[in-house]
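The chain contents come next:
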Amino acid sequence: MNKPVLYIVVPCYNEEEVLPETSKRLKVKLSDLVAAGKVSEDSRVLFVDDGSKDRTWEMIRAYHEEDPHFSGVKLSRNRGHQNALLAGLMTAKDLADCAISMDADLQDDINAIDGMVDKYLEGCDIVYGVRSARDTDTFFKRFTAEGFYKFMEIMGAEVVFNHADYRLMSKRALEALSEYEEVNLFLRGMVPMIGYKTATVEYERGERFAGVSKYPLKKMLAFALDGITSLSDRPIQFILTLGLVTTAGGLASLPVSLIRYAKSDHENDTALLQSSLWTVGGLVLTSLGIVGDYVGKIYLETKHRPRYFIAEVLDNRKD
Ligand code: UDP
Ligand code: MG
């Protein structure tokens with residue numbers, strides 16, 4: 001078997017401060033992998049410039065001119081991390097046998113690449129990098145980030161715990177990903193939908209090598225909400241359940257209220273009013289939930305997601 005061509009896809013937004021170090025370390029990593037006979041000499045580090053306003057693109061160009069192992073793709077303007085990542089992966093899909101996505105700031109330990117490549121060589125299509133420790137993150141970042149995964153789970157979005165976007169994908173996994181036509185990208189939730197044989201590799205998440213985070217809390221919250229609303233319709237189901245429970249409560253108290261109403265002097269008995277309020281409120285919520293359920297279905301239909309991918313076929317008439 002020919003050695004696989006590996007593309008390491010790195011989205012960069014205003015990363016001039018870290019790029020010299022990142023490119024140096026990735027170059028060493030790549031040549032080690034080539035020397036170990038694990039990946040092809042044609043493997044590349046692919047930097048995606050997400051419309052940076054600093055010297056990022058000039059630097060990428062310089063790396064490329066100096067060493068053909070560096071490639072670059074420049075987006076027309078800043079489109080955000082997820083779009084930049086997808087642009088890189090879709091470029092790599094046609095050129096490589098497998099691609100690893102990682103951040104430019106060296107927070108993802110590049111030594112995990114070896115483990116990912118090993119798993120790929122063993123036949124895995126998707127290898128998730130999973131953080132084992134968050135010691136270097138501030139308490140606040142750790143709390144919000146771990147809360148993020150828990151909350152996503154409750155809300156019905158299938159994500160791999162403590163996995164960001166550091167992962168290896170094989171060519172056929174990338175081809176599968178390319179069939180998801182949605183524009184609200186939440187890659188770490190979409191990739192698990194693909195299936196195939198997967199594995200995880202643990203790594204310790206370090207500190208940002210230099211520069212500042214491009215993901216302030218505001219962006220992170222928007223990202224979480226985006227993830228939930230683009231992956232799952234569970235919030236709608238919550239409304240439906242709430243409506244049904246409220247209606248049931250209202251209806252259950254109605255007979256008692258009616259009896260009390262009939263027995264009392266009809267002057268200041270608010271129980272009947274309360275029961276009616278609950279019943280009517282519950283019915284409104286239930287109706288909203290039902291309408292929402294249809295909206296949710298329409299929403300999912302508009303995404304035109306692929307229905308399935310075939311992993312293997314056993315049939316001797318098919319060559
Ligand atoms: N990034 C990007 N476009 C953006 C914001 C970020 O391509 O609009 C890249 C950034 O250069 C980095 C990665 O996405 O390689 C993750 O960003 P960052 O490290 O700032 O996020 P954090 O690690 O703080 O969550
Ligand atoms: Mg970072």
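Structure: above.
Worth saying up front: this structure is predicted, and the values here are computed from it rather than measured.

(A) Spatial organisation of the pattern of salt bridges. Inspection of the entire model under this criterion finds 13 salt bridges. One salt bridge connects arginine 172 with aspartate 125, and the closest N-O pair in it is separated by 2.9 Å. Of the two residues, arginine 172 sits in helix H6 (residues 171–178) while aspartate 125 sits in the loop between helix H4 (112–121) and strand S5 (126–133), which places them 47 residues apart along the sequence. Arginine 172 sits in the partly exposed class, given a relative accessible area of 33%. On the basis of relative accessibility, which here comes to 7%, the residue aspartate 125 falls in the buried class.

(B) Inspection of the coordination of the magnesium ion (ligand 2) at higher detail. Within the first shell, the magnesium ion (ligand 2) binds the protein through Asp105 (OD) and Gln107 (OE1), at distances of 1.8 to 1.9 Å. Given the relative accessible area of 4%, aspartate 105 is considered buried.

(C) Main features of the layout of surface pockets. When its volume is computed, the largest pocket comes out at roughly 1100 Å³. Around the largest pocket, the lining is made up of 48 residues, and of these His81, Lys141, Ser213, Lys214 and Tyr215 lie nearest the centre. Elements that contribute at least two residues to the lining of the largest pocket include exactly strand S1 (6–12), helix H3 (81–95), helix H5 (139–154) and helix H8 (217–231). A class-by-class count of the residues in the lining of the largest pocket yields 19 nonpolar, 11 polar and 18 charged. Approximately 170 Å³ is the volume attributed to the second largest pocket. Considering the residues around the second largest pocket, the lining is formed by Phe151, Met155, Leu225, Ile228, Thr229, Ser232, Asp233, Pro235, Ile236, Val295, Gly296 and Tyr299. Counting residues per element, the ones that place at least two in the lining of the second largest pocket are H8, helix H9 (234–263) and helix H10 (271–302). Among the residues forming the lining of the second largest pocket, the class breakdown is eight nonpolar, three polar and one charged.

(D) Representation of the state of the cysteines in the model. Tallying each qualifying case throughout the model produces zero disulfides. Free cysteine: cysteine 124, not disulfide-bonded; nearest cysteine sulfur from cysteine 98 at 12 Å.

Rules behind the numbers
Residues numbered from 1 in each chain as written. Chains lettered and ligands numbered in written order. Predicted model: local features only at pLDDT ≥ 70, side-chain atom pairs only at ≥ 80, totals over all residues. Heavy atoms only, no water. Salt bridge = Lys/Arg side-chain N within 4 Å of Asp/Glu carboxyl O. Helix = DSSP H or I, 4+ residues; strand = E, 2+ residues; numbered from the N terminus. Buried < 20%, exposed > 50% of the residue type's maximum accessible area, 1.4 Å probe, protein only. Donors = N, O, S within 2.8 Å, 3.2 Å for Na, K, Ca; no water. 1 Å grid on protein atoms, 1.4 Å probe; cavity = no way out; pocket = protein on both sides within 12 Å on 5 of 7 lines; lining within 4 Å. Points joined across faces, edges and corners; volume = space filled by probe spheres on them. Nonpolar A, V, L, I, M, F, W, Y, C, P; charged D, E, K, R; others polar. Disulfide = S-S within 2.5 Å.

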